[in-house]
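Now for the letters of each chain:
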2 protein chains.
Amino acid sequence: MAVELSTDTPSKIILLVIDGLGGLPIHGKTALEAAHSPHLDRLAAKSACGLTDPVFPGVTPGSGPAHLSLFGYDPTKYLLGRGILEALGVGVDVGEKDMVARGNFATLKDNLIIDRRAGRIPTSENEKLCQRINDFLKSRKGPKIMVFPGKEHRFVVKFSAEGLYDSLSDADPQKENKPPVYTKPLSPEAQNTATLVNAFLDEVTEFLRNSAPANTILLRGFAKHPSLPSMQELYKLTPAALANYPMYKGLAKLVGMDIIDVGPEIADLFDRVEDIYSDYNFFYIHIKKTDAAGEDGNYEAKKAAIEETDTYIPRLVKLKPDVLVITSDHSTPCSLKAHSWHPNPFLLHSSSAMPDRTTHFSERECSQGYLGRFQAIYVMSLMLAHAGKLKKYGA
Amino acid sequence: MAVELSTDTPSKIILLVIDGLGGLPIHGKTALEAAHSPHLDRLAAKSACGLTDPVFPGVTPGSGPAHLSLFGYDPTKYLLGRGILEALGVGVDVGEKDMVARGNFATLKDNLIIDRRAGRIPTSENEKLCQRINDFLKSRKGPKIMVFPGKEHRFVVKFSAEGLYDSLSDADPQKENKPPVYTKPLSPEAQNTATLVNAFLDEVTEFLRNSAPANTILLRGFAKHPSLPSMQELYKLTPAALANYPMYKGLAKLVGMDIIDVGPEIADLFDRVEDIYSDYNFFYIHIKKTDAAGEDGNYEAKKAAIEETDTYIPRLVKLKPDVLVITSDHSTPCSLKAHSWHPNPFLLHSSSAMPDRTTHFSERECSQGYLGRFQAIYVMSLMLAHAGKLKKYGA
């Protein structure tokens, strides 16, 4: 519905996503509750607060569905293949005709996969192997294929050709001490793609024959570029993304955002948003450190990342956006060391927002906020409305 | 979605349903607010609380949809015929090929139904009539048909045969001083079933010709056994039901729970759950007294039933389930003497639950809880998540 009602205006929206922000108490307080964050608190006191569910109560989302939801895309309708997410994560540029897959270097002996992770070879070794494979692939004929190193034994492969179909089974026996398996087409039109992938598997295994423990590869999660309508089309926005990590740049690119070059630090995000502020009317800013600390179970690091983020809040406020939303994609409690299903703290600052009694930006204070608990998929329509970008529905 | 993501683990969930728990204030306090329930209050203080809507705001559910919702089945998609609920209520075992209907004994005179309830004959008279009819039915040829007495003039009839179809109109003129009506097939394939039902009507009316005022029968709400996917299939649970009343055993059986034999008292439920605790990983416990008191408009009895239930809470806590949820299927305010649409108090206790500021388990305190207000259909995904039984959605 936001689509039919949206209208192009110069008003500006900033969406600050503090990844994995929500948590659970340790010694009575969550990291967000324990953090000294006077600017977030002061803003909360002048804003409408609430809690959002990325998908629905109980569902723990990956970064893909959690972000799609925040961008207003139904995460149960738009599904991103694991290969795509992995590719975005290592910064692979995936075009509309490309197909990607997740790869493992593995160990083959007597026609059995005896180690699916090739002894977790060092990342530096992985990088060298990928370089060698790419040189070899360039030297031979056939469709363009490239590999991109990840951490340890993991890599991403990209096939670039016309007429690729990603309905393919995994070329991975899943368990050790089983023979290698080829990919099989899961629909008739994927037959040629399966043939291409299997020839590639044979070629690379032959090329790696003396590189034990990394003397073969496994491929899984074949995925073509998903076709999502852009935020320009849907909401008539001119959106920009500021993120330090490839995964989030990739997700933003999928929905049509311009990806702004930024350095690796939190400070770089806030420097750059000031530089480009006059060029766009929607700004997605992504902070990763909070989620990384949550995944590590490092409560002090999470608290520190929140406190660091807090120091930059006045710079966002100073830009005087028509709408400033501060929230998260999903929770990452230190006690669980993983993404979780707990709802996200949410703050909306705007001249048309109802200020509530929230005086501290936290999970439990937000649960008492004026906005109550709602699905994150409505964050986009709410931001558009407060920015004066949504027309009346019906007469 | 909970279906694709669910995974089998040994972790245990207890769902305690205090039927009709929610109410409205009388002299300022609801029965739940007035009750002395220190164990529920102490548990609330360490739990995440909220309010749930059985269907959606304003909808008063019957026991069927209210329970389906709590078990994670969309109550607007899975419809239970009234005949089925009536049959479950009197404890009739309905097999997959069986068809049931609600029956009334009625009075026929000069080919007019002059009393649709046969003067509300005593239940004991009803029981005798049903016994006689069953003896008669056994003595003759044809498909197996049985009647089961309810209260006063009400009974349930069960047809057991191959190829029955329940798309049949009611064999009931609905108003008095109208001629009896036969059932009519509402779809072509129900023709044979209609013929069978109408022959049965004729036979029984002939058999009862000297039993005035109960000298004929009316049938309505024809319903076959609904086919619901089981909780084992959907959630990979091993579920057990502990309930004193047939209706709730029947509902639990529809979704695949093992029905545990229990005595008639609240105490019996808590004795038995301890006995079987190692054999299952999901326990549905149903307490009826609160709803019965609400329906009677008996505030003191409702308060007493809550206080009695409260004394057993420590025994549930002592079992150390991974997730303990205490809630209701629907509200039954004494002032309305009926089910209502008011949301249910909800409490979730688990190591991954956010403790909130709720210190008294009540309708109004729960409305301030961290979980906010949500649809009861998400109770199941929330319980599964807190029990570590749901995988992450997407990457």
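Here goes a summary of the coordinates provided. (Residues numbered from 1 in each chain as written. Chains lettered and ligands numbered in written order. Predicted model: local features only at pLDDT ≥ 70, side-chain atom pairs only at ≥ 80, totals over all residues. Heavy atoms only, no water.)

### Some words on the overall build of chain A
Within chain A, the regular secondary structure consists of 14 helices and 13 strands. A compact globule built from 395 residues should have a C-alpha radius of gyration of about 21 Å, and chain A, at 23 Å, falls within 12% of that. With the C-alpha coordinates aligned to their principal axes, the bounding extent of chain A is approximately 70 × 50 × 40 Å. Buried residues in chain A amount to 56% of all 395 residues. Long-range pairs, those at least 24 residues apart, make up 74% of the contacts in chain A between residues at least 6 apart in sequence. Here chain A has roughly 16200 Å² of accessible surface; of this, 51% comes from carbon and sulfur atoms. Charged side chains in chain A number 45 positive and 47 negative. The centres of these two groups are separated by 1 Å. (Helix = DSSP H or I, 4+ residues; strand = E, 2+ residues; numbered from the N terminus. Rg over C-alpha atoms; globule rule 2.2 N^0.38 Å. Buried < 20%, exposed > 50% of the residue type's maximum accessible area, 1.4 Å probe, protein only. Contact = heavy atoms within 4.5 Å. Areas by Shrake-Rupley, 256 points an atom, 1.4 Å probe, with all protein chains shown as cover. Lys, Arg positive; Asp, Glu negative; His and termini not counted. Charge placed at Lys NZ, Arg CZ, Asp CG, Glu CD.)

### Points about the interface of chain A and chain B
In many reports, interface size means the accessible area that the parts give up when they come together. Each partner contributes to the interface: chain A provides 32 residues, whereas chain B provides 22 residues. Across the interface of chain A and chain B, roughly 2300 Å² is buried in total on both sides, 63% from carbon and sulfur atoms. Applying the counting rule to chain A against chain B returns 1 salt bridge. Close ionic contact of Glu 365 of chain A with Arg 357 of chain B constitutes a salt bridge, the shortest N to O distance being 3.8 Å. Counting every contact that joins chain A to chain B gives 9 residue pairs in polar contact (both at pLDDT 80 or more). (Buried area = accessible area lost by both parts, 1.4 Å probe. Salt bridge = Lys/Arg side-chain N within 4 Å of Asp/Glu carboxyl O. Polar contact = N/O pair within 3.5 Å; in protein donor to acceptor, adjacent residues only side chain to side chain.)

### Describing the pattern of salt bridges
Residues and elements named next belong to chain A. The final tally for this structure, using the stated rule, is 37 salt bridges over all chains. We note a salt bridge from Asp 291 to Lys 288, for which the minimum N-O separation is 3.0 Å. Each member of the pair, Asp 291 together with Lys 288, is buried. Lys 289 is paired through a salt bridge with Glu 308; the nearest N and O atoms lie 3.0 Å apart. Of this pair, Lys 289 sits in helix α11 (residues 289-295) while Glu 308 sits in helix α12 (residues 299-318), and the two are 19 residues apart along the sequence. Given the relative accessible area of 41%, Lys 289 is considered partly exposed. One network of salt bridges, in which partners are shared, links Arg 116, Asp 172 and Arg 220.

### A closer look at the packing of aromatic side chains
Under the definition given, this model contains 21 aromatic pairs over all chains. On the basis of an interplanar angle of 85 degrees and a centroid distance of 5.0 Å, the ring pair of Phe 71 of chain A and Tyr 284 of chain A is categorised as edge-to-face. Taken together, the residues span a long stretch of sequence, with Phe 71 of chain A in the loop between α4 (63-70) and α5 (82-89) and Tyr 284 of chain A in strand β10 (residues 282-287) at a distance of 213 residues. Tyr 284 of chain A matches Phe 71 of chain A in its accessibility class, with the two residues each being buried. Judged by centre distance (4.6 Å) and plane angle (15 degrees), the rings of Phe 136 of chain B and Phe 207 of chain B are stacked. (Phe/Tyr/Trp six-rings, centres within 6.5 Å; stacked < 30°, edge-to-face > 60°.)

### A few points about the packing of helix α10 (residues 266-276) of chain A against α12 of chain A
Each pair of packed helices can be summarised by the angle the axes make with each other and by the distance between the axes. Residues and elements named next belong to chain A. Between α10 and α12, the shortest axis-to-axis distance is 10 Å and the interhelical angle comes to 5 degrees. Looking at the two axes, α10 sits roughly parallel to α12. Where α10 approaches α12, its residues Ile 266, Ala 267, Phe 270, Asp 271, Val 273 and Glu 274 are matched on the opposing element by Glu 308, Thr 309, Tyr 312, Arg 315 and Leu 316. Of the residues belonging to the contact of α10 with α12, the class tally is 6 nonpolar, 1 polar and 4 charged. (Axes fitted to C-alpha atoms, helices over the stretch in contact; angles between N-to-C directions. Parallel < 35°, antiparallel > 145°, perpendicular 65-115°, else oblique. Nonpolar A, V, L, I, M, F, W, Y, C, P; charged D, E, K, R; others polar.)

### Considerations on the sheet that holds strand β9 (residues 258-259) of chain A
All names here are of chain A. In spatial order, the strands read β9-β8-β10-β1-β11-β12-β2-β13; together these 8 strands make up an open sheet with mixed pairing. Here the strands that pair on one side only, and so sit at the sheet edges, are β9 and β13 (372-375). In this structure, strand β8 (residues 239-243) lies alongside β10, joined through 5 bridges in parallel fashion. Directly across from Ala 243, in β10, lies its bridge partner His 286. The strands touched by helix α3 (residues 38-45) within the sheet are β2 (48-53), β11 (323-327) and β12 (344-349), with β12 carrying the most contacts at an inclination of about 65 degrees. Helix-sheet contacts for helix α14 (residues 379-386) involve β1 (13-18), β2, β10, β11, β12 and β13, and the interaxial angle to β12 is about 15 degrees. (Pairing = 2+ DSSP bridges.)

### So, the relation of the copies chain A and chain B
Note on the copies: chain A fits chain B at an RMSD of 0.2 Å, the axial shift is 0.4 Å, and the rotation between them is 126 degrees. Mapped onto chain B, only 3% of the interface residues of chain A are again interface residues, and the two copies thus contact each other with different surfaces. (Least-squares fit on C-alpha atoms with pLDDT ≥ 70 in both.)

Fair warning: the whole summary comes from geometry, so function is off the table for now.
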